[in-house]
Amino acid sequence: MQPMAVTASISPCSRSLSSNALSRGSNASKKTHPSALSLPHCSSISKMESICQGTIRKLSALCICASVADVVRETSVEKIQLLKGDTWSVHKFGGTCVGSSDRIRNVAEILQNDDSERKLVVVSAMSKVTDMMYNIIDKAQSRDDSYIPALDAVLEKHRLTALDLLQADDLAIFLSQLHHDLDNLKAMLRAIYIAGHATESFTDFVVGHGELWSAQILASLVRKNGTDCNWMDAREVLIVNPAGSDLVDPDYVESEKRLEKWFSQNPSRTIIATGFIASTPQNIPTTLKRDGSDFSAAIMGALFKARQVTIWTDVDGVYSADPRKVNEAVVLKTLSYQEAWEMSYFGANVLHPRTIIPVMQYEIPIVIRNIFNLAAPGTRICRSSINELEEGQRLESFVKGFATIDNLALVNVEGTGMAGVPGTASAIFGAVKDVGANVVMISQASSEHSVCFAVPEKEVRAVAKALESRFCQALDAGRLSQVAVIPNCSILAAVGQKMASTPGVSATLFNALAKANINVRAIAQGCSEYNITLVVKQEDCVRALRAVHSRFYLSRTTIAMGIIGPGLIGSTLLDQLRDQAAVLKEKFKIDLRVMGIIGSKTMLLSDTSIDLTKWRELQKEKGEVTDLEKFVQNVHGNHFIPNTVLVDCTSDSGIASHYCNWLRRGIHLITPNKKANSGPLNQYLKLRALQRKSYTHYFYEATVGAGLPIITTLQGLLETGDKILRIEGIFSGTLSFIFNNFIGTRAFSVVVVEAKKAGYTEPDPRDDLSGTDVARKVIILAREAGLKLELSDIPVQSLVPEPLRGCASAEEYLQQLPQHDHDMAKKRQDAEDEGEVLRYVGVVDVANKKGTVELRRYKKDHPFAQLSGSDNIIAFTTERYKQQPLIVRGPGAGAQVTAGGIFNDILRLASYLGAPS
Ligand code: ADP
Ligand code: ASP
Ligand code: MG
């Protein structure tokens, strides 16, 4: 098939035609559309009329010229009948798909690989071009001269694209066309500039050029690649009637006639058609309104009775919510026509709302696919949703997705005088119609006391004024109390087949909103059963969307986490979480989201979750000044994640003092911080009581023996009814290391220095050697075992010699320590003489309700004497384990094992919350 569009445009007649900018026929069918050459509603603006008079005169002459040419052609072109049906498939490529020369190349390749027998391809303008054109009109209308450079930018964009894609004649033809178009647009815009106004038809004519250019470029490229094709200026075929503000209705009968005619003159197996643009029955150029190319594709699908309409865009399909607002939105495999319509009507702009209607009657499926991810199967929109059958009767399966519309206002007409008065609603909506406002949603309580409806914010003033004047008598008489306007509202719609009639769905929805503390201003639930619509304040809308989405789509074991203290242990934990997150999510449906990390000076917050692969960099870049309450509010206050846990990785008693408050707020707690459990007894008891009462979890395994299962072992024994008699153990990794290495003739001070160098001790080794830390562990275990002891009840044998306790620094202490070595050496020798070793232990003597921390001697064959490195060892002597104590042994210090212990508590929490094992 010869490239008819191109040949036509270089014939003398069509060249002169194209120079008037209004006759952009793709081919020889000009005669059939003589009025395609008419100017858009010029007559309505007298000023513009005079400006354009010259052009119109020229056009009439050209019209005759076109007619003559076409008559000649018609006799020579054999009529070829259009075979409709499923040999045709329709593809639509959105603006981003044809946004650059590389992308257009990619589109051509996709078309080449598509093995459909016949293809009708609908293209949008290159991305941003339609916006640029609207902007140019705005500028010209407001007499802003910068419309000229803006138009030049449009020219340049297309020129460069064509230079990159086309060659030789193809390029020359396109560029000449482009320049003609631009010259004419400049003349028109000049007219608009002078008039200071552009009619809708003028605007539609100007903004539709993006599609004309992209379709021609793609058609030339496809031909260059060896596929015969024709391009179609859809204004020659698609006939639509205006149907209210921003709406048009296709005239299928007329469009079909024109299509058949067009096809007979341009027969081809591949047709590249412009999206978005159409003509009125009077052949005045118009558009299908913003984002209308999807609609174009669907109308084409219906006209060709195509097998399928594939809409190519920049996302994997229709998501359960706008993926820009809800991170965890998922791609829906299928949607019914009704569901897709509801989703798009309520703001899912992946699909123009009117796209569904033309294809639905012929049951032509629509598939939404991602041009950037060909591996993704996309979303299939067809008669009934397969998912419904697949997913059975789960509550979740009734809700497919959520969508929102912003920038609305609610109007509430209220008054006791409305009840039982026939015609009130009609009067209200009659007044609204008179100002041309679009009512997005209506809600009326059955008491008829008030009628409430949502309109676009920009229309609300006119609506309110119209109502006040229409009802001024009723308002004066008090039959109507007010016409109230609530500005800054958004609609949130939940969409799903049979959803509204399924018990429990609405309750769950409203419950999620209540939990998120979101006030619902109005509700509408149509009898269609496909959606529940509610109005919220715009500032709450994204939060509301996330709250409801998470309730229906998130795993129950999604946990919002706040990490307090990203020091050595905290940061090791964050790294462990980073490495394990994917496995946990996939295998156990545990979705851990770190929503905040707070240090003593700075904190990092996120409202979805922090990327743990770069939290350190993010903290530097985006860290803000530490504010603990703001941090907690951020982690817990998001409300779209069902569970919150704070992980306190500090050893700070100030942080521990907040635990009660956090538990009371329903926040779970996990910590290696010993301060709360070893602090004042009454506070500890209060904390435990509160924790049980509030059904929150408080885990602190890493407070004793780092990652070793000591607390859980003890709790397990107690909960199963065993009786604890005695707990005895080496609880300090540091002191374990020191005494395991205090052998032979080595001096005690030398071993202490070695332990410090190896990083086993606190910066000041006296913090370990004083025994306080061990005492805290003893008190934690004692209390766990039911003893009501204070820290001060535990006698602690300090290993810091009395005279060195006052040393100002660790260095001074270490310097003087050798002077006291003989004391320790003697103790070791005395033990050695008896075949024993020294060990620093903590003891909980449950039977006698006592605890101690001291240096003890053990026989060399005792388990405590067998340790190495910094191992901890804990022996539980109980009723059941009386002859042989139950022993837990292993490394009980170090960042990795401590963080591992905390992590284990986090997973324990997840399983308590319902994660599968
Ligand atoms: P095109 O130019 O291809 O027509 P649009 O920008 O009109 O593309 O539509 C695609 C965009 O719609 C996506 O990039 C996405 O951000 C947005 N979108 C909004 N809601 C949804 C949803 N529920 N599912 C998928 N995409 C959505
Ligand atoms: N180009 C038009 C617009 O941006 C139509 C479309 O892309 O769907 O509105
Ligand atoms: Mg779109």
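Everything here concerns the structure above.
Residues numbered from 1 in each chain as written. Chains lettered and ligands numbered in written order. Predicted model: local features only at pLDDT ≥ 70, side-chain atom pairs only at ≥ 80, totals over all residues. Heavy atoms only, no water.

### Side note on the sheet that holds strand β14 (residues 441–444)
Selection rule: Paired strands are those between which DSSP finds at least two bridges. Going along the chain from the N terminus, every DSSP run of H or I of four or more residues is numbered as a helix, and every run of E of two or more is numbered as a strand. For helices, the fitted line uses only the C-alpha atoms of the stretch in contact; every axis is such a line through C-alpha atoms, and the angle between N-to-C directions lies from 0 to 180 degrees.
Here six strands make up an open sheet; going across it, the order is β14-β15-β13-β16-β18-β17 and the pairing antiparallel. Across the chains shown, the open sheet's two edge strands, defined by having one partner strand only, are β14 and β17 (522–525). Direction aside, the axes of adjacent strands within the sheet are offset by 30 degrees on average. In this sheet, strand β15 (residues 450–456) lies alongside β14 in antiparallel orientation, the contact comprising four bridges.

### Observations regarding the environment of A899
Our working rule: Contacts were defined at the residue level, with two residues in contact if any of their heavy atoms lie within 4.5 Å.
Take A899: it is sitting in helix α34 (residues 895–912). In this structure, the C-alpha to C-alpha distance between A899 and T671, residues 228 residues apart in sequence, is 9.9 Å. Here A899 is in contact with I569, T572, L573 and Q576, once residues within four sequence places are set aside.

### Side note on the nonpolar core
Basically, it comes down to this: Residues belong to one nonpolar core when they are buried, are Ala, Val, Leu, Ile, Met, Phe, Trp, Tyr or Cys, and are joined through side-chain atoms within 4.5 Å. The buried label goes to any residue with under 20% of its type's maximum accessible area, the exposed label to any with over 50%, and the partly exposed label to all in between, with areas taken from a 1.4 Å probe on protein chains only.
Core analysis: the biggest nonpolar cluster contains 101 residues, and F631, W662, I738 and F739 have the highest contact counts within it. It is helix α31 (residues 772–784) that provides the largest number of residues to this core, a total of seven residues. With residues up to four places along the chain from it excluded, the contact list for F631 reads G562, I563, I564, G596, I597, I598, M603, L605 and L646. Formed by 58 residues, the second largest nonpolar core is a distinct cluster that contains V122, F263, A306 and I364.

### A closer look at the site of ligand 1
The condition that has to hold: Any residue with at least one heavy atom within 4 Å of a molecule or strand is counted as near it. For the purposes of these results, a polar contact is taken to be a pair of N or O atoms within 3.5 Å, where, inside protein, one atom must be able to donate a hydrogen and its partner to accept one; residues adjacent in sequence count only when each atom of the pair is a side-chain atom. Accessible surface area values rest on a Shrake-Rupley calculation with a 1.4 Å probe, where residue burial reflects the displayed protein chains alone. Residues are sorted three ways: Asp, Glu, Lys and Arg are charged, Ala, Val, Leu, Ile, Met, Phe, Trp, Tyr, Cys and Pro are nonpolar, and all the rest, Gly among them, are polar.
Neighbouring residues of ligand 1: 18 residues in total, closest T313, D314, Y319, R324 and N349. A distance of 3.3 Å separates an oxygen atom of ligand 1 from a polar backbone atom of G95. The separation between an oxygen atom of ligand 1 and a polar side-chain atom of T313 is 2.7 Å. Taking 570 Å² as the accessible area of ligand 1 by itself, protein coverage stands at 87%. A class-by-class count of the residues in the shell around ligand 1 yields nine nonpolar, five polar and four charged.

### Quick notes on the site of ligand 2
Residues in contact with ligand 2, as listed here, are S124, T130, E211, F276, R290, D291, G292 and S293. Separating an oxygen atom of ligand 2 from a backbone N or O atom of G292 is a distance of 3.4 Å. Compared with its free state, where it exposes 260 Å², ligand 2 has 89% of that area covered by protein. Looking at the shell around ligand 2 residue by residue, the classes come out as one nonpolar, four polar and three charged.

### Some words on the environment of A409
Within the secondary structure layout, A409 lies in strand β13 (residues 401–414). Put simply, A409 and V455 are 46 residues apart on the chain and 5.6 Å apart in space, counted from C-alpha to C-alpha. Not counting chain neighbours up to four residues away, the residues in contact with A409 comprise F453, A454, V455, P456, E457, V460, V485, I486, P487 and C489.

### Digging into the sheet that holds strand β11 (residues 366–370)
The sheet built from eight strands is open, its strands ordered β3-β6-β2-β1-β9-β11-β12-β10 with mixed pairing. For this open sheet the edge positions go to β3 (230–232) and β10 (334–336), each flanked by a neighbour on one side alone. Taking the axes of each pair of neighbouring strands and ignoring which way they run, one obtains an average angle of 20 degrees across the sheet. Relative to β11, strand β9 (residues 308–313) runs parallel, the two being bridged by five bridges. Directly across from T310, in β11, lies its bridge partner V367. Packed onto the sheet, helix α9 (residues 209–224) meets β2 (118–123), β3 and β6 (270–274) and runs at close to 160 degrees relative to β6. In this fold helix α10 (residues 252–265) packs onto β1 (88–93), β3 and β6, with an angle of close to 155 degrees to the strand it touches most, β3.

### Thoughts on the packing of aromatic side chains
How two aromatic rings sit relative to each other is given by the distance of their centres and the angle of their planes. Note the cut-off: By convention, a stacked pair of Phe, Tyr or Trp rings (six-membered ring in the case of Trp) has centres within 6.5 Å and planes under 30 degrees apart, an edge-to-face pair has planes over 60 apart, and any other such pair is tilted. Working rule: Lys NZ or Arg CZ, within 6 Å of ring centre, within 35 degrees of ring normal, means a charge sits over the ring.
The full count for this structure, using the stated rule, is 17 aromatic pairs. Ring centres 5.8 Å apart and planes at 40 degrees place the aromatic pair F739 and F748 in the tilted group. Each member of the pair, F739 as well as F748, is classed as buried. One aromatic cluster in this structure is built from Y659, W662, Y698 and Y700. Over the face of the ring belonging to F471 we find R470, whose NZ or CZ atom lies 5.1 Å from the ring centre.

### A short note on helix α33 (residues 821–833)
Worth spelling out the cut-off: Helix span, as expected, comes to 1.5 Å for every residue beyond the first. Comment: arc refers to directions from the helix axis out to C-beta atoms.
Over its 13 residues, α33 extends 18 Å from the first C-alpha to the last, a length consistent with the 18 Å expected when each residue adds 1.5 Å. For α33, every residue scored as buried is listed here: D821, M824, R828 and A831. Burial along α33 is one-sided: seen end-on, the buried residues are contained in an arc of 100 degrees. Residues of α33 that are exposed and point more than 90 degrees away from the buried face comprise H822, K826 and D833. Looking at the buried residues of α33, the elements they touch are α28 (733–741), α29 (748–757), β27 (836–845) and β28 (850–859). Following α33 by one or two positions, G835 has its phi on the positive side, about 75 degrees.

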